[in-house]
Structures are given as structure tokens and as C-alpha cells.
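# Summary of structural features
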Amino acid sequence: MDANLAVLAGDGIGPEVTAQAVKVLQAVGARFDHNFSFHQAPIGGVAINACGNPYPESTHEICLKSDAVLFGAVGDLKYDSDPSAELRPEQGLLQMRKALSLYANVRPTFVFPSLIDRSPLQRARIEKADFIFVRELTGGIYFGEPRGRSENGSTAFDTAVYSKGEVERLARIGFELALKRRRKLTVVDKANVLATSRLWRETVQNMESEYPEVSVCYEFVDAVAMRLIQWPATYDVLITANLFGDILTDEASVITGSMGIMPSASLGDLVELFEPIHGSYPQAAGRDIANPLASILSAAMLLEMAFGLKTEALAVRQAVEKSLEAGVLTADLAVGKAPWGTAAVGDWVAREVHSPGVPLQ
Ligand code: IPM
Ligand code: MN
């Protein structure tokens, strides 16, 4: 097949890890006879530096013209130390999510057998952990109006807003995913306190009869924060609001041993986007130490979800698994051994995808 891919590498370690995912996609193209064209475009801090806009119109156009988007990370220490900065790299990501209507962020958590002892959690608890968060991505307190400061600046406010329609389209993705898996859907909310959460419950409850095979339960976010690490194997598909999902998926990444390996897919009406769940890790930028596997596994999700290329996606996942078994590990995972560099891990996985089992020359 022929496909156009937008590549928005962004800031910090974004360019380094994304370059490895591109390498792997090129290897997929060569082995399986696909022609991927890559179109780089700026976002985040690099876009602010280049043209004063964290999500330039030209980048938006490239995304719209593409068959899928591969995204790296945004964020820079320069802005974190200045809370009054008007333009922030993160605005680029948020504007892009809104402009591309990427309302559902699918974040799987699974454990690679060879990494099981890298997790700070006990093996017996996490062995069977395999769940997916579907995080609402274009609404809630991230986007609600009004937001800002009172006139004298001494009070600040954010607004959490959800409409039934927003909850329904998100929940539908959760229900459909659950149908393909263990048929269990958990709605994570704070319905004992928040009006938005009560709307979530009511809306999902009204949909239950459309999906009689799916068993639905409703749990409070504070309890899920605890149960997720205590009994991770009891969850299948979880749906939740933007902010809750942001927090809980960082927590969930601990189960797997490293945040550096967790991919995600953002789904919407216009184009699909694939990105690691980790951030820009500016302290590691340019040092060839970041783990590229989250980006490479995001590319695997891209192959499967955007193009239905299941065999190709499996080839990438298997190559990643083999690299882990072979001890090809970046510093976040290599305990007591010399770590591999970002580019070297990318080369190893790309080679394994291209010619399985043939050693690197
Ligand atoms: C994420 C990130 C973003 C978010 C930031 C960078 C705006 O943490 O994708 O999880 O909060 O959504
Ligand atoms: Mn986050």
C-alpha cells in the first residue's frame, strides 16, 4: 500500500525516539512492500521558536492531508520555570487534539514477560495485567470555559464541562473494545462529588442495554488509583475523563516496568494519531539515552489501527519482544548492564523487523 504519514517529532527526546519509529516503519515498508512517505512538521517549543505558534496552520494542513500522524512529545524546561509564559509548547498538543477532533486516547497496559522483574510491583500481582484505558481527550477540565484569573489575580479557576454527546462517543469506543476483549467495562469517575461524573454515569447506564454482553461497573477514581496497582489483572477496558485518564495512565505505566515503552492511539473524526504516553524528557534530549520503544510500539498501533496491517504490526511487536529478551535495553531498563543507546535499539528492532533472526553486521 501507499500511505502518507505526518511526523510531528516535537521537543526534547521527541525527535530521537520518533526517528527510531520511522526507521522501523521503513523496515516494514521494505519487507512487506509498502510505500510510506514521511512528512515532517513542527509542533510545540520548536514551532514557537520557528514561527511563534505552537501548532502552526501549515502543520495542521499536513496532518489533514495525511493518512495517519506519528507524534513525538512537546515540552521544554525553559517554559516550566516561567509560569507566566503566554505561549507554552503543551498548547500545541492541546490545540492539535482539538483541531483534529482526537477525542479518544487509547492507552493499553500490558507486561512483557522479560521485563516482569523491572516493575516495582510483585510479579504475582502484575503477571496477568492486560487492560486498556480509553481517556477522553478533547473535553473536561482541560478545555472548559471560563478559565483563568480573577481581575485582581488572586483567584484562578478552571471549568470541567462534559456534554452527553461527548461521553457517549467516548463510551462507544470503550464498549466496542470491550466486546473484542474480556467484555468488562469500568467507568472511572467521581460521581459522589462531581456533576460531570453523574452525567457520565447516567449516559453510560443508558447505553448498557445496547451492549448486553458487556458487564459494566462504576468505580470512583480514588479507589481505582489504589486498585489499579493492587489488582491490575481484574481490569479490562476502563473509560474516563481527560484529567483522570492523564493521571491514571502515568500510574499504570509503572506496572510495565518503564513509562518508556507505553504507546497510545488517539482516535477521532478526521485522522488518527499515534504517540508515546511519555513526555519530552528534556534532560535526556540529544543524549541518545531515551527509550524508543514507546514510539516504535505506537508505530505498531498505527499499522494495525490506521491501516489494518495486522501481520506487520505483529512483526514489530515480536521484534520489540525479541530485543527485550536479547537484553537490548536502554538505561531505564538495563539494570547492572551497559545500556544500549536510543539509535542502536532502533537499528536492532528495524533489522529484526526486516530480517527476523539475522544478526546485525
Ligand atoms: C499526555 C501529556 C499531556 C496531557 C501534556 C503534555 C499536555 O501529559 O499526553 O498525557 O496532559 O495530556
Ligand atoms: Mn500525561
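Only a predicted model underlies this, so the values are computations on that prediction, with no experimental measurement involved. (Residues numbered from 1 in each chain as written. Chains lettered and ligands numbered in written order. Predicted model: local features only at pLDDT ≥ 70, side-chain atom pairs only at ≥ 80, totals over all residues. Heavy atoms only, no water.)

Turning next to empty space enclosed by the protein. Taken as a whole, this structure holds 1 cavity of 30 Å³ or more when the rule is applied. Its volume calculated, the largest cavity comes out at about 30 Å³. Around the largest cavity, the lining residues are Arg107, Pro108, Thr109, Thr249, Ala252, Ser253, Met262 and Ile277. Mapped onto the lining of the largest cavity, the elements with two or more residues apiece are strand E4 (104–110) and helix H10 (242–253). Taken together, the residues that form the lining of the largest cavity break down as 4 nonpolar, 3 polar and 1 charged. (1 Å grid on protein atoms, 1.4 Å probe; cavity = no way out; pocket = protein on both sides within 12 Å on 5 of 7 lines; lining within 4 Å. Points joined across faces, edges and corners; volume = space filled by probe spheres on them. Helix = DSSP H or I, 4+ residues; strand = E, 2+ residues; numbered from the N terminus. Nonpolar A, V, L, I, M, F, W, Y, C, P; charged D, E, K, R; others polar.)

This part is about the layout of surface pockets. The space that makes up the largest pocket amounts to roughly 950 Å³. Taken together, 36 residues line the largest pocket, and the ones lying closest to its centre are Arg88, Glu90, Gln91, Leu94 and Tyr142. Going through the elements one at a time, strand E3 (68–73), helix H5 (89–99), strand E6 (144–149), H10 and strand E12 (273–276) are the ones with two or more residues in the lining of the largest pocket. Element by element, the count of residues in the lining of the largest pocket is highest for H5, at 7 residues. Across the lining of the largest pocket, the residue classes break down as 14 nonpolar, 8 polar and 14 charged. In this structure, the second largest pocket spans a volume of roughly 630 Å³. Lining the second largest pocket are 19 residues, with Pro108, Ile132, Met301, Glu304 and Arg317 positioned closest to its centre. Residue assignment for the lining of the second largest pocket shows that the elements contributing at least two residues are E4, strand E5 (130–136), helix H7 (164–180), helix H11 (293–307) and helix H12 (310–325). A breakdown of the residues in the lining of the second largest pocket according to their chemical character gives 12 nonpolar, no polar and 7 charged.

A rise of 1.5 Å per residue sets the reference length of H11, with its 15 residues, at 21 Å; its end C-alpha atoms lie 20 Å apart and thus fit the reference within 8%. Counted residue by residue, H11 has 12 buried out of 15 residues, so it is predominantly covered. The complete set of buried residues in H11 reads Leu293, Ala294, Ser295, Ile296, Leu297, Ser298, Ala299, Ala300, Met301, Leu302, Leu303 and Phe307. Directly after H11, the chain includes Gly308, whose backbone phi takes a positive value near 65°. (Expected span 1.5 Å × (residues − 1). Buried < 20%, exposed > 50% of the residue type's maximum accessible area, 1.4 Å probe, protein only.)

So, about the site of ligand 1. Taken together, the neighbourhood of ligand 1 is formed by Glu90, Leu93, Arg97, Arg107, Arg135, Tyr142 and Asp246. Take Arg97: an N or O atom from its side chain is 2.7 Å from an oxygen atom of ligand 1. Taking Arg107, its side chain carries an N or O atom lying 3.1 Å from an oxygen atom of ligand 1. Look at ligand 1: alone it shows 320 Å² of surface, and the protein chains cover 77% of it. Among the elements that take part in the shell around ligand 1, H5 stands out by supplying 3 residues, more than any other. Residue composition of the shell around ligand 1, grouped by class: 2 nonpolar, no polar and 5 charged. (Near = heavy atom within 4 Å. Polar contact = N/O pair within 3.5 Å; in protein donor to acceptor, adjacent residues only side chain to side chain. Areas by Shrake-Rupley, 256 points an atom, 1.4 Å probe, with all protein chains shown as cover.)

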